[in-house]
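Each chain, letter by letter, is given below.
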Amino acid sequence: MAGNFSPFEKLTRADWEKAAQKITGGKATDEALSTRTYDDIIIKPLYDESDLASVNKDFSAGETSPDLFCHHSFSADNGWEVRQKLVLEESLTSQKITEEFLALKKEGADGVWLEFLELPNKKSIKKIISEAENIGLSLFIDAGPYEFEVAQAVLEQLEKSKPRNTKDNSVENSKTDLKTSSKISPKINSKTNSKISLNLDPLGTLARYGQITKNPEELLEIWAEIAKKAYIYNADIYNAENTHIYNVIPFGVDVSIYAEAGATESRQLSLALKTAKQYIDALLTDSTDFADEPNIEKYLQFVPLEFTFAVSPEMFRNIAFLRAFRVCFSKLLQEEGIAKESADTLAGETQVHAVSSSFYFTGIDIWNNLLRSTSACFGAVLGGANSVTVLPIDTVLESENPAYRRLAANVSHLLKRESHLARVGDPASGSFYLESLTAEMAKQGWGEFKELAEGDMFSYLKNGKIHKAIEDDWQNQLSDISNDRGDTDDNSTSNGTASNGRKEKIIVGVNKFQDATSQSNGGAQNESSKAKQGSSAKQAKSRQQFELPQNPAIRIDPLQPKRRSKHLEK
């Protein structure tokens, strides 16, 4: 029996390569088994300590402080926020708000992603805030081109409901509080589990809807006003004894629209960093100087950003992608003058919202979308997402089944409660593969960001530079979609090789392993005929119903969401 418990024989890399060559026909393993991403990063079949030794130290996760990745308030009792999307397609009523919020809470949601299709009145705003707080839901506001009007109304209502035992809500007093505080916690939820994200992102709104109501000069003035109110409010709440009140995250950076349009990971990272830098620079202008002196570290503690990323079924790449974002964001903060340790802490505490990407969803054999969502959610939370929205499997169809919405929420609950993914702060730490891939993605994203550094995002969107770059990314990916070959899953490649040297992609249920009977997919084949070209029908429906301003200050061609399988769904 003792022999059964003897140590395993220690094998070398050469031993592994010799064994692998038996299935590669004698070909070199790196040549036969490596894959290339759309950012030209080589994914090798095997990694060891030598790979960590060769990564660029400027982007190595091993060179960061522990606070950069071990940022979660994860425990067996909470974990990441389960955020469900709610589209309000009709005039708001108090009863409807209560019913919808209670339904989401019953399904296990911790927060609600609230998409407005019209400009709500102040009474509706008051009801939304009070009901969400009473029921126990955090709020993430998505008001499209009316984002500033809604944000101002929300802040006005929050000021009215602020507890009486807070400090005097004046700029002077908030400055004194900051000067005398021995240590200001950068954590958003330092005293409460509730928060409200105003998600002010004019650049993202312009890209998604093709218009905004204010020109850049007007936006700066409104930006300063809202930043000032949020700064004071959050500083006062921090010093209040009453902790059952919202913390406010005023500004957002929505990267999901670029992913939905076909942008590669490095493109998404560069646009996230460029947008964030433009917003941070706006905070540092004289017009927003409401503290002692321009101090981005203080500003970001009380006027934080929240980033939204669309995540794919590529689980390991998602982990590296979100970790690479924090590496790059810390590097950006260091360039803004923040010390490395503090920058790592701020980047680690920055809120990241991940949503399963409809770019990878199919309109036929929709049960495979559940597998795609589960893989996306798994990678997102291990990569460091603070909140996750799993889209229902019928997202790309005209129909909307309540059971699918509940199933989407349950993906997070199963991973959280049964798989216990919330128990480890940074499970990717020390992995030769993931650490190397994190550094490679960070290096690529940072390099593309530096190429954009001299320009202005408004100009890039108006002159079509971003549109063209993302369209090139999309066409590059589209060329790899196989019509009929291979027998592997979504995260693998077929035996066919595209003209660009990458393997052709297989989409399970669409161009391989098709369900001809449609008996096992709940009637999805019949519903698939209703699938919209390009994006989800519900997304298209929302945009058609959204009452866009008649006279926008800036108008461009909006970025068009894509779906990689839509041309094969016949």
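In this text, all values refer to a predicted model and were calculated from it rather than measured experimentally.

Conventions used here
Chains are numbered independently. Their residues run from 1 in the order of the written sequence. Since the coordinates come from a predicted model, pLDDT governs what is reported: local features require at least 70, and pairs of side-chain atoms require 80 or more to be given and counted, while whole-chain, interface and lining totals use all residues. Here the side-chain values reflect all heavy atoms present in the structure, with hydrogen atoms and water set aside. A run of DSSP states H or I qualifies as a helix once it reaches four residues; a run of E qualifies as a strand once it reaches two. Both are numbered from the N-terminal end. Note on exposure labels: buried denotes an accessible area under 20% of the residue type's maximum, exposed denotes more than 50%, and partly exposed covers the range between, all computed with a 1.4 Å probe on protein chains only. Only the protein chains shown count as covering a residue, and every accessible area follows the Shrake-Rupley method with a 1.4 Å probe. Fitting a line to C-alpha atoms yields each axis, with helices limited to the stretch in contact; the angle taken between N-to-C directions then spans 0 to 180 degrees. If you view the pair so one helix is near and one far, a crossing is left-handed when the near helix is turned anticlockwise from the far one by less than a right angle, and right-handed when it is turned clockwise. Contacts were defined at the residue level, with two residues in contact if any of their heavy atoms lie within 4.5 Å. Polar here means any residue other than Ala, Val, Leu, Ile, Met, Phe, Trp, Tyr, Cys and Pro, which are nonpolar, and Asp, Glu, Lys and Arg, which are charged; Gly is therefore polar. Two strands make a pair as long as DSSP finds a minimum of two bridges between them. In this tally, Lys and Arg are treated as positive and Asp and Glu as negative; His is ignored, and so are the chain termini. Whenever a carboxyl oxygen of Asp or Glu lies within 4 Å of a side-chain nitrogen of Lys or Arg, that contact is scored as a salt bridge. We define a polar contact as two N or O atoms separated by no more than 3.5 Å, with the added condition that, inside protein, one atom must be a possible hydrogen donor and the other a possible acceptor, whereas residues neighbouring each other in sequence contribute only through side-chain atom pairs. With its strands directed away from the observer, a crossover is right-handed exactly when the path from the first strand over the helix to the second travels clockwise. Side-chain rings of Phe, Tyr and Trp, where Trp is taken by its six-membered ring, are said to pair if the distance between their centres is within 6.5 Å; with planes under 30 degrees apart they count as stacked, over 60 as edge-to-face, and otherwise as tilted. Throughout this description, the term charge over a ring refers to an Arg CZ or Lys NZ atom that lies within 6 Å of the ring centre and within 35 degrees of the ring normal. By convention a nonpolar core is built from buried Ala, Val, Leu, Ile, Met, Phe, Trp, Tyr and Cys residues, the set being connected through side-chain atoms within 4.5 Å. How sure the predictor is of each residue is captured by pLDDT, a score from 0 to 100.

1. Some remarks on the overall build of the protein chain
Moving on, step 1. The secondary structure content of the protein chain amounts to 21 helices and 14 strands.
Moving on, step 2. Each of the 570 residues in the protein chain was classed as buried or not, and the buried ones make up 58%.
Moving on, step 3. For the protein chain, the exposed surface amounts to about 24400 Å²; the carbon and sulfur share of it is 47%.

2. Some details on the packing of helix α13 (residues 315–335) against helix α15 (residues 368–383)
Angle between the axes and distance between the axes: these two values describe a pair of packed helices.
Moving on, step 1. At a minimum axis distance of 8 Å, the contact between α13 and α15 shows a crossing angle of 30 degrees. Here α13 and α15 pass one another in a crossing that is right-handed. Judged by residue contacts, Met315, Asn318, Ile319, Leu322 and Arg323 of α13 engage Ser375, Ala376, Phe378, Gly379, Ala380, Leu382 and Gly383 from α15.
Moving on, step 2. Here the contact of α13 with α15 is built from residues that sort into 7 nonpolar, 4 polar and 1 charged.

3. Side note on the sheet that holds strand β9 (residues 305–311)
Backbone hydrogen bonds are what pair the strands of a sheet, in a parallel or an antiparallel way.
Moving on, step 1. Read once around its circumference, the closed barrel built from 8 strands follows the order β3-β4-β5-β6-β8-β9-β10-β11, with strand pairing classed as parallel. Shown here is a sheet whose adjacent strand axes are inclined to one another by a mean of 30 degrees, direction ignored.

4. Quick word on the environment of Phe307
Moving on, step 1. With respect to the element layout, Phe307 can be found in strand β9.
Moving on, step 2. Note: C-alpha distance between Phe307 and Ala354 (47 residues apart in sequence) is 8.4 Å.
Moving on, step 3. Apart from residues no more than four positions distant in its own chain, Phe307 is found in contact with Val253, Ala272, Ala276, Phe325, Phe329, Thr350, Gln351, Val352 and His353.

5. A short note on the side chain of Asp201
Moving on, step 1. Positionally, Asp201 belongs in the loop between β6 (195–200) and α8 (202–209).
Moving on, step 2. No salt bridge forms around the buried Asp201; measuring N to O, its nearest opposite-charge neighbour Arg208 is 7.6 Å away.
Moving on, step 3. Polar side-chain contacts of Asp201 include one of 3.1 Å to the backbone nitrogen of Gly204.
Moving on, step 4. When residues no more than four places from it in sequence are discounted, the contact partners of Asp201 are Glu147, Gly252, Val253, Asp254, Thr275 and Tyr279.

6. Details of the pairing of strand β10 (residues 351–356)
Moving on, step 1. Counting buried residues in β10 gives 6 out of 6 residues, a clear majority hidden from the surface.
Moving on, step 2. Burial along β10 is two-sided: Gln351, His353 and Val355 and Val352, Ala354 and Ser356, pointing in opposite directions, are all buried.
Moving on, step 3. As paired strands, β9 and β10 are joined by 6 bridges and run parallel to one another. Counted as the bridge partner of Thr308 is His353 from β10.
Moving on, step 4. As defined by bridge partners, β10 adjoins strand β11 (residues 387–389) across 3 bridges and the pair is classed as parallel. The partner of Val355 across the bridge, within β11, is Thr389.
Moving on, step 5. Read as a crossover between parallel neighbours, the route from β10 over α15 to β11 is right-handed.

7. Digging into unusual backbone geometry
Moving on, step 1. Despite not being glycine, Asp40 has its phi angle at roughly 60 degrees, a positive value.
Moving on, step 2. Positionally, Asp40 belongs in the loop between β1 (35–36) and β2 (42–43).

8. Some remarks on α8
Note: α-helices contain 3.6 residues per turn, so residues at a spacing of three or four share the same orientation.
Moving on, step 1. With 8 of 8 residues buried, α8 lies mostly within the body of the structure.
Moving on, step 2. Restricting attention to buried positions, one finds in α8 the residues Pro202, Leu203, Gly204, Thr205, Leu206, Ala207, Arg208 and Tyr209.
Moving on, step 3. One or two steps after α8, the chain reaches Gly210, where phi turns positive at roughly 80 degrees.

9. Looking at the packing of aromatic side chains
Moving on, step 1. Within this structure, the stated rule accounts for 14 aromatic pairs.
Moving on, step 2. For the ring pair Trp446 and Phe449, a centre distance of 5.0 Å and an interplane angle of 55 degrees mean the geometry is tilted. A residue pair is termed a helical-turn pair when its members lie 3 or 4 positions apart in one helix, as Trp446 and Phe449 do in helix α17 (residues 432–452) at 3 residues. Taken as a pair, Trp446 and Phe449 share a single burial class, namely buried.
Moving on, step 3. Taken together, the ring pairs in this structure connect Phe307, Phe309, Phe321, Phe325 and Phe329 into an aromatic cluster.
Moving on, step 4. Lying over the aromatic face of Tyr47, Lys44 brings its terminal NZ or CZ to 5.2 Å of the ring centre.
Moving on, step 5. When the ring centre of Trp446 is taken as reference, the NZ or CZ atom of Lys331 above it lies at 5.4 Å.

10. Quick word on the pattern of salt bridges
Moving on, step 1. If you walk through the whole model with that rule in mind, you get 29 salt bridges.
Moving on, step 2. The salt bridge involving Glu260 is made with Arg208; its shortest N-O contact spans 3.4 Å. Residue Glu260 is found in helix α10 (residues 256–260), and its partner Arg208 is found in helix α8; the two are separated by 52 residues along the sequence. There is no split in this pair, since Glu260 and Arg208 are both buried.
Moving on, step 3. For Arg563, the salt bridge identified is with Glu569, shortest N-O distance 2.9 Å.
Moving on, step 4. The exposure class of Glu569 is buried, given its relative accessible area of 16%.
Moving on, step 5. Here the salt bridges do not stand alone but share partners, grouping Glu81, Arg83, Lys195 and Glu306 into one network.

11. With respect to the nonpolar core
Moving on, step 1. By size, the foremost hydrophobic cluster in this structure holds 126 residues, and its most contacted members are Phe101, Phe251, Tyr258, Leu283, Phe307, Phe309 and Phe329.
Moving on, step 2. Every residue in contact with Phe329, bar those within four places of it in the chain, is listed here: Leu273, Ala276, Ile280, Leu305, Phe307, Ala347 and Thr350.
Moving on, step 3. The next biggest cluster of nonpolar side chains, apart from the first, holds 12 residues, and it includes Phe140, Ala259, Leu391 and Val396.

12. Remarks on the environment of Ile212
Moving on, step 1. Relative to the elements of secondary structure, Ile212 occurs in strand β7 (residues 211–212).
Moving on, step 2. In the structure, Ile212 is positioned 10 residues away from Pro202 in sequence and 6.8 Å away in space, judged by C-alpha atoms.
Moving on, step 3. Not counting residues within four places of it along the chain, the set of residues in contact with Ile212 comprises Pro202, Thr205, Leu206, Leu219, Phe458, Pro552, Ala553 and Ile554.

13. Re the confidence of the model for the protein chain
Moving on, step 1. Of the residues in the protein chain, 75% have a pLDDT of 70 or more, and the chain-wide mean is 78.
Moving on, step 2. The least confident element of the protein chain is strand β12 (residues 493–497), whose mean pLDDT is 42; the most confident is α10, at 96.
Moving on, step 3. Counting interchain partners and residues more than four positions distant, the pLDDT-below-50 stretch residues 484–501 has 45 contacts.

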